[in-house]
Amino acid sequence: MESQTHYLNNDEELRVEVKLGTVVTATLVDGAAEIFGAELPKKTPTTLPGGKHAIFSWRGATIEIAGETEMTYTANASAPMTAYLNVDGVLQRRREAARAAGTPGPRVALVGPTDVGKSSVAKILCNYAQARWTPTFSDLDLGQGGITCPATIGAVPIDRPIDACEGLPLEMPLVYFHGDVSPGNNPTLYKALDRMGEMLRARDETNAAAAASGVVVNTMGWIDKAGYGLLLHALEALAIDVVLVVDHEKLHAELSRDLRGKKIKVWKLQKSGGVVERTPEFRRRSRDARVREYFYGPLGDLSPHSQTLEFGKVSIFKIGAGPSAPRSALPIGQESSADPLRVSTVAPSMSLLNAVLGVSHGKTQAELLSSNVAGFIFVTDVDVANGRFTYLTPCPGELPSRNLIAGTLKWIETR
Ligand code: ATP
């Protein structure tokens, strides 16, 4: 396998772009380096999956990359990384004070347009914090499936470094299925993220360590018009008290104006020069890759189970207009008159083929809106004539709940 050795000076970063569906490995031969704040182990290859990665060193390092990359280059990243480290210092002091006073720690949100590095900075702050604390990472960006599948929002405690390949520690994720990869088709449902804020607050009341550790939230990149309204709503729902605006003067000015008088700090943060703009096509493919990863694992080495079930054994619901009528299908300017939070049943039909369905913890139809999901199944075959369907699931056996939620999220499995 092709391998290259790269030498990093102080404050330099090795930026590695890997083709989706392929992997390379990075080995720290000498010195010290980190990937989005997670220390790179010495002399042990770390797998880097398809995507864009940054290996940063404060004191210099020798890195060996094995495998074929699309692009690899070195750059100085002193300014942004020092700024992120300074923010970490402030947050650590806030956590100390919170622990001493028995109050909640910092609740931080990364905000800004798309492709400025919000999720990367969120990861860096969580990785820096997890050595002494257990911060909660929360992702409100429906588009990329930051925690599990796309079309979800969620929160997860970070009690160990975020692995470059495996991603977030997922023993205890709190995941809500929105069903669509954009909040614009049902903003009212997106606002229902209030329930996640309530869950996190309830947890804080019983878990002082988690409360003092605080929350780091990655928000979506839709920041104008209705998107700005959703952003303000999200900041309130999650009781955010530190807003880090990445690379957007106007948004910083707007938030400073609109949050004046509240106990919320609004700080500017610069974007790293390494952040890579992703095309709509790349985003679509990385979304598909996230769904594949959910069922097959990050390295494609897990075997999901195929099961067939009678439609009568489950109830499939949609929320709002659901899968049959996305906004884009309506005539321009026309809004769907349906109640955006109406829960209705989905009749068995071929429209369910290739759908990714959420397995809800909600026990009744009324509970579906406020319940998180246990996981997801992927419909691989629909046999309407015989009243049954076949699906893939990561776990064998009976589904944890018979209440399934359908949105517009579909996946075409390609090998
Ligand atoms: P969005 O809101 O649009 O999902 P974002 O603002 O959260 O995007 P990121 O996902 O953090 O941005 O970054 C965009 C891309 O750039 C990602 O693929 C990420 O891995 C990559 N990236 C971020 N920082 C660096 C860096 N310093 N060097 C190389 N790649 C980077």
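Residues numbered from 1 in each chain as written. Predicted model: local features only at pLDDT ≥ 70, side-chain atom pairs only at ≥ 80, totals over all residues. Heavy atoms only, no water.

Turning next to the overall build of the chain. Helix and strand counts for the chain come out as eight helices and 21 strands. Its C-alpha atoms give the chain a radius of gyration of 22 Å, near enough to 22 Å, the size a compact globule of 415 residues would have. Structurally, the chain occupies a C-alpha span of about 65 × 60 × 45 Å along its principal axes. For the chain, with 415 residues in total, the buried portion stands at 50%. (Helix = DSSP H or I, 4+ residues; strand = E, 2+ residues; numbered from the N terminus. Rg over C-alpha atoms; globule rule 2.2 N^0.38 Å. Buried < 20%, exposed > 50% of the residue type's maximum accessible area, 1.4 Å probe, protein only.)

Moving on, we get to the UniProt feature "domain: Clp1 P-loop" (unreviewed entry) in the chain. Taking the numbering used here, the UniProt-annotated feature "domain: Clp1 P-loop" (unreviewed entry) corresponds to residues 112-297. Span residues 112-297 is 40% helix and 15% strand, its end C-alpha atoms 30 Å apart. (UniProt positions renumbered as here; feature names shortened; annotations may be inferred.)

Before going further, it helps to examine the site of the ligand. Every one of the 21 residues lining the ligand counts as a neighbour, but Lys52, Lys118, Ser119, Ser120 and Arg283 are closest to it. One of the side-chain nitrogen or oxygen atoms of Arg278 is found 2.8 Å away from an oxygen atom of the ligand. Calculation on the ligand without its partners gives an accessible area of 630 Å², and the protein chains cover 93% of this total. At the level of secondary structure, the elements contributing two or more residues to the shell around the ligand comprise strand S2 (12-31), strand S5 (46-57) and helix H2 (118-129). Residue composition of the shell around the ligand, by class: six nonpolar, seven polar and eight charged. No fewer than three residues from each of domain 1 (3-76) and domain 2 (78-269) sit in the shell around the ligand. (Near = heavy atom within 4 Å. Polar contact = N/O pair within 3.5 Å; in protein donor to acceptor, adjacent residues only side chain to side chain. Areas by Shrake-Rupley, 256 points an atom, 1.4 Å probe, with all protein chains shown as cover. Nonpolar A, V, L, I, M, F, W, Y, C, P; charged D, E, K, R; others polar. Domains from an automatic or database assignment.)

Moving on, we get to the nonpolar core. Ile55, Ile63 and Leu110 are the most contacted members of the largest nonpolar core, which totals 64 residues. Counting residues in each nonpolar core, the second largest holds 30 residues, with Ile153, Leu193, Val245 and Leu259 among its members. (Core = buried A, V, L, I, M, F, W, Y, C linked by side-chain atoms within 4.5 Å.)

On to the packing of helix H1 (residues 78-101) against H2. Relative orientation of the contacting elements H1 and H2 amounts to 50°, with a least axis distance of 10 Å. Regarding the angle of H1 to H2, the classification is oblique. Seen from above, H1 lies across H2 with right-handed handedness. Here Met81, Tyr84, Leu85, Val87, Asp88, Leu91, Gln92 and Arg95 of H1 come into contact with H2, specifically with Val121, Ile124, Leu125, Tyr128 and Ala129. In the contact of H1 with H2, the residues fall into ten nonpolar, one polar and two charged. (Axes fitted to C-alpha atoms, helices over the stretch in contact; angles between N-to-C directions. Parallel < 35°, antiparallel > 145°, perpendicular 65-115°, else oblique. Left-handed = near helix turned anticlockwise from the far one by under 90°. Contact = heavy atoms within 4.5 Å.)

Despite not being glycine, Asp115 has its phi angle at roughly 55°, a positive value. Note that Asp115 resides in the loop between strand S8 (107-111) and H2. Judged by its relative accessible area of 9%, Asp115 falls in the buried class.

A word on the pattern of salt bridges. The full count for this structure, using the stated rule, is 21 salt bridges. For Asp288, the salt bridge is made with Arg284, and the minimal N-O distance between the two is 3.1 Å. Taken together, the residues Asp288 and Arg284, both in helix H8 (residues 280-296) and four residues apart, mark about one turn of the helix. For Asp288, a relative accessible area of 24% translates into the label partly exposed. (Salt bridge = Lys/Arg side-chain N within 4 Å of Asp/Glu carboxyl O.)

A separate point is the side chain of Ser315. Along the chain, the position of Ser315 falls in strand S16 (residues 315-319). If near-sequence neighbours (up to four positions away) are discounted, Ser315 is found in contact with Arg402, Asn403 and Leu404.

On to the packing of aromatic side chains. What characterises a pair of aromatic rings is the spacing of the ring centres plus the angle enclosed by the ring planes. Inspection of every chain in the model, using the stated rule, returns nine aromatic pairs. With a centroid separation of 4.7 Å and an interplanar angle of 85°, the aromatic rings of Phe56 and Trp58 are classed as edge-to-face. For Phe56, a relative accessible area of 2% corresponds to the buried category. Given a relative accessible area of 26%, Trp58 falls into the partly exposed group. These aromatic residues form a ring-pair network of at least three members: Phe177, Tyr294, Phe295, Phe376, Phe378 and Trp411. (Phe/Tyr/Trp six-rings, centres within 6.5 Å; stacked < 30°, edge-to-face > 60°.)

A word on the domain arrangement of the chain. Each assigned domain of the chain is listed with its residue range as follows: domain 1 (3-76), domain 2 (78-269) and domain 3 (303-325 + 339-415). Using C-alpha coordinates to define each centre, domain 1 is positioned 40 Å away from domain 3.

For H8, built from 17 residues, the straight-helix expectation of 24 Å at 1.5 Å per residue is met to within 8% by its first-to-last C-alpha distance of 24 Å. Restricting attention to buried positions, one finds in H8 the residues Phe282, Arg283, Ser286, Arg290, Val291, Phe295 and Tyr296. Buried-residue contacts for H8 involve S2, S5, strand S18 (356-360), strand S19 (373-383) and strand S20 (388-393). Backbone geometry just after H8 places Gly297 at a positive phi near 85°. (Expected span 1.5 Å × (residues − 1).)

Strand order in this open sheet of seven strands is S11-S10-S9-S12-S8-S13-S14, and the pairing throughout is mixed. The open sheet is flanked by strand S11 (174-177) and strand S14 (265-269), the only strands paired with a single partner. Pairs of neighbouring strands in the sheet enclose a mean axial angle of 15°, with direction left out of account. Of the pairings in the sheet, the one linking strand S13 (residues 242-246) to S14 comprises five bridges and is parallel in character. Residue Val246 lies in a different strand from S14, and its bridge partner there is Leu269. Where helix H4 (residues 194-206) meets the sheet, it contacts S8, strand S9 (136-139), strand S10 (152-157) and S11, and its direction lies at approximately 165° from that of S11. (Pairing = 2+ DSSP bridges.)

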